[in-house]
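Given next are the chains, with one letter for each unit.
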Amino acid sequence: MKIYPVTVQELIPTNAYFYIDEDTNHGVLIDPGSEAERLLSVMRSQGFQLEALLLTHGHFDHIGAVEELRQELNIPVIMQENGRDYAENPNWNLSAQFHGNFILQNVTYQKDGAVIAYPEAPGLHLKLIHTPGHTTDGCIYYDEEHHVAFVGDTIFAGSFGRTDFPGGNEAVLYRSIRDKILTLPEETILLSGHSEETTVGREKNGPIWGRR
Ligand SMILES: [Zn+2]
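Residues numbered from 1 in each chain as written. Predicted model: local features only at pLDDT ≥ 70, side-chain atom pairs only at ≥ 80, totals over all residues. Heavy atoms only, no water.

1. Describing helix H6 (residues 170–181)
With twelve residues, H6 extends 15 Å between its outermost C-alpha atoms, agreeing within 8% with the 16 Å of an ideal straight helix rising 1.5 Å per residue. Buried residues of H6: Leu173, Tyr174, Ser176, Ile177 and Ile181, and no others. Mapping the buried residues of H6 onto a view down its axis gives an arc of 160 degrees, with all of them on the same face. For H6, the secondary structure elements touched by its buried residues are strand E9 (139–143), strand E10 (148–152), strand E11 (155–156), strand E12 (159–160), strand E13 (189–192) and helix H7 (200–204). Near the N-terminus of H6, the side chain that reaches the backbone nitrogen of alanine 171, with its oxygen 3.0 Å away, is that of asparagine 169. (Helix = DSSP H or I, 4+ residues; strand = E, 2+ residues; numbered from the N terminus. Expected span 1.5 Å × (residues − 1). Buried < 20%, exposed > 50% of the residue type's maximum accessible area, 1.4 Å probe, protein only. Arc of directions from axis to C-beta. Contact = heavy atoms within 4.5 Å. Polar contact = N/O pair within 3.5 Å; in protein donor to acceptor, adjacent residues only side chain to side chain.)

2. A short note on the sheet that holds strand E4 (residues 49–54)
Reading across from one edge, E1-E2-E3-E4-E5-E6 is the order of the six strands in this open sheet, with mixed pairing throughout. Each edge of the sheet is formed by a strand with only one pairing partner; in this case those strands are strand E1 (2–8) and strand E6 (107–110). Sheet twist, expressed as the mean angle between neighbouring strand axes with direction ignored, is 25 degrees. Bridging between E4 and strand E5 (residues 77–80) involves two bridges; their strand directions are parallel. The residue of E5 that forms the bridge with leucine 54 is isoleucine 78. Strands E1, strand E2 (14–21), strand E3 (26–30) and E4 of the sheet are contacted by helix H1 (residues 36–46), whose axis makes an angle of about 155 degrees with E1. Packing of helix H3 (residues 66–73) onto the sheet brings it into contact with E3, E4 and E5, and relative to E4 it is tilted by some 145 degrees. (Pairing = 2+ DSSP bridges. Axes fitted to C-alpha atoms, helices over the stretch in contact; angles between N-to-C directions.)

3. Focus on the side chain of threonine 131
Relative to the elements of secondary structure, threonine 131 occurs in the loop between strand E8 (121–130) and E9. A distance of 3.1 Å separates the side chain of threonine 131 from the side chain of threonine 154, its partner in a polar contact. Not counting residues within four places of it along the chain, the set of residues in contact with threonine 131 comprises Gly138, Cys139, Ile140, Thr154, Ser176, Lys180 and Ile181.

4. So, the nonpolar core
If you look at the biggest cluster of nonpolar residues, it comprises 30 residues, and the most contacted ones within it are Phe18, Leu29, Leu39, Leu50, Leu53, Leu69 and Leu104. Mapped by element, the contributors of at least two residues to this core are E1, E2, H1, E4, helix H2 (60–63), H3 and E5. Looking at this core element by element, the count peaks at five residues for H1. Those residues in contact with leucine 69 that lie beyond four places of it in its chain are Leu29, Pro32, Ala36, Leu39, Leu40, Leu53 and Asn74. (Core = buried A, V, L, I, M, F, W, Y, C linked by side-chain atoms within 4.5 Å.)

5. Quick notes on the packing of aromatic side chains
When we look at a pair of aromatic rings, we describe it by the centre distance and by the angle of the planes. Summed over all chains, the structure comprises nine aromatic pairs. A network of ring pairs unites the aromatic residues Tyr4, Phe18 and Phe48 as a single cluster. (Phe/Tyr/Trp six-rings, centres within 6.5 Å; stacked < 30°, edge-to-face > 60°.)

6. Structural notes on the coordination of the zinc ion
Every protein donor of the zinc ion is listed here as His57 (NE2), His59 (ND1), His134 (NE2) and Asp153 (OD), and their distances to the metal cover 2.2 to 2.5 Å. In this structure, the zinc ion is surrounded by four donor atoms whose angles at the metal cover 89 to 170 degrees, and the resulting shape is irregular. Counting the intervening residues between successive donors of the zinc ion yields the motif H-x1-H-x74-H-x18-D. Across the pair, exposure class does not vary: histidine 57 and histidine 59 are buried alike. (Donors = N, O, S within 2.8 Å, 3.2 Å for Na, K, Ca; no water. Tetrahedral: all angles 85-135°; square planar, octahedral: opposite > 155°, others 65-115°.)

7. Brief notes about the pattern of salt bridges
Scanning all chains against the criterion turns up seven salt bridges. Here glutamate 35 and arginine 38 are joined by a salt bridge, their closest N and O atoms 3.0 Å apart. (Salt bridge = Lys/Arg side-chain N within 4 Å of Asp/Glu carboxyl O.)

See the structure below:
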């Protein structure tokens, strides 16, 4: 599997990730936060064929390019099932406060434990694991075979997501991180929305979680 990160800049800097089966060049795009045109041009110049857009949660800076990409590519948009509160409410997805009103249409809502896989991308198997706390719909997409997890704003290198937005809850976030992320194999690479990459082992033994 190939990880091709693009830090989009138009709203606030957010890491979007193409996750691509190298044998077929088919895959998914995670958290297209803004700059739809730039993401499309990366996709075309690299020859990537996208099967779906996956969202780690419904905040404006992770969903800003979704509608434009969906209309252009006509592919499913996937969120955890609590995502409807964010997809359909600009006050919850924070676009009303920051950058105009975003509403996502035709989202496919998936439950905790759902496996994202496509015949066109045989190497790709991502498990949706619900990790609420930053938002109620927060989730990670975990590739057990390749030791990679796309974690959105649940955990960052040396830090974690804010809990003061609608649906945020610090105790719930701590529990998600401790029980659902730090229990993954230590070599698992964590790719977040707003930090450099880290690993489960580094965070588990680091200054934030090592002492708790
Ligand atoms: Zn967020």
